[in-house]
Amino acid sequence: MPNGWFRPGDRVPVTGIYTANHDQHRKTHEVFAAEGDKFPNCRMCGERVNFALAQAASRIDEDTGFGKATKIKPAKKRKKKSAGDG
Ligand SMILES: [Zn+2]
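Residues numbered from 1 in each chain as written. Predicted model: local features only at pLDDT ≥ 70, side-chain atom pairs only at ≥ 80, totals over all residues.

Undergrad: Quick one: what's the story with the overall build of the protein, residue by residue and with numbers?
TA: Across its full length, the protein carries zero helices and four strands. Starting at the N terminus and ending at the C terminus, the protein contains elements arranged as β-β-β-β. Among the 86 residues that make up the protein, the fraction classed as buried is 9%. Residue pairs at least 24 apart in sequence account for 65% of intrachain contacts in the protein once pairs closer than 6 positions are excluded. (Helix = DSSP H or I, 4+ residues; strand = E, 2+ residues; numbered from the N terminus. Buried ≥ 20, exposed ≤ 12 C-beta atoms within 10 Å, placed from the backbone. Contact = placed C-beta atoms within 7 Å.)

Undergrad: I'd like a description of the nonpolar core, backed by residues and values.
TA: Ranked by size, the top nonpolar core spans seven residues in total: F6, Y18, A20, A33, F39, V49 and F51. The residues contacting A20, other than those within four sequence positions of it, are T28, H29, V31, V49 and F51. (Core = buried A, V, L, I, M, F, W, Y, C linked by C-beta atoms within 7 Å.)

Undergrad: Quick one: what's the story with the sheet that holds strand β2 (residues 16-21), residue by residue and with numbers?
TA: Strand order across the open sheet formed by four strands is β1-β4-β2-β3, with antiparallel pairing between neighbours. What marks the edges here is a single partner per strand, and that holds for β1 (5-6) and β3 (29-33). When β2 meets β3, the two strands line up antiparallel, connected through five bridges. The residue of β3 that forms the bridge with A20 is H29. (Pairing = 2+ DSSP bridges.)

Set out below in structure tokens:
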């Protein structure tokens, strides 16, 4: 395995999108993993799956650049008045 590939059981080093590369049964695809998690086994190919960081991304709730969201009030339901019919 070239550097930069992770195996099931390895610790996720950086939160972000990873490319999962399986043993033939499935095409490569992207998965999200958070730092400190462990890369999982694949149900189909077991440990013959590898992961590579595709795009580092911080969790939005852990990014100190953002504050708390202001609650948006639900729109009031307006009853339509029937215009004279009935
Ligand atoms: Zn697999």
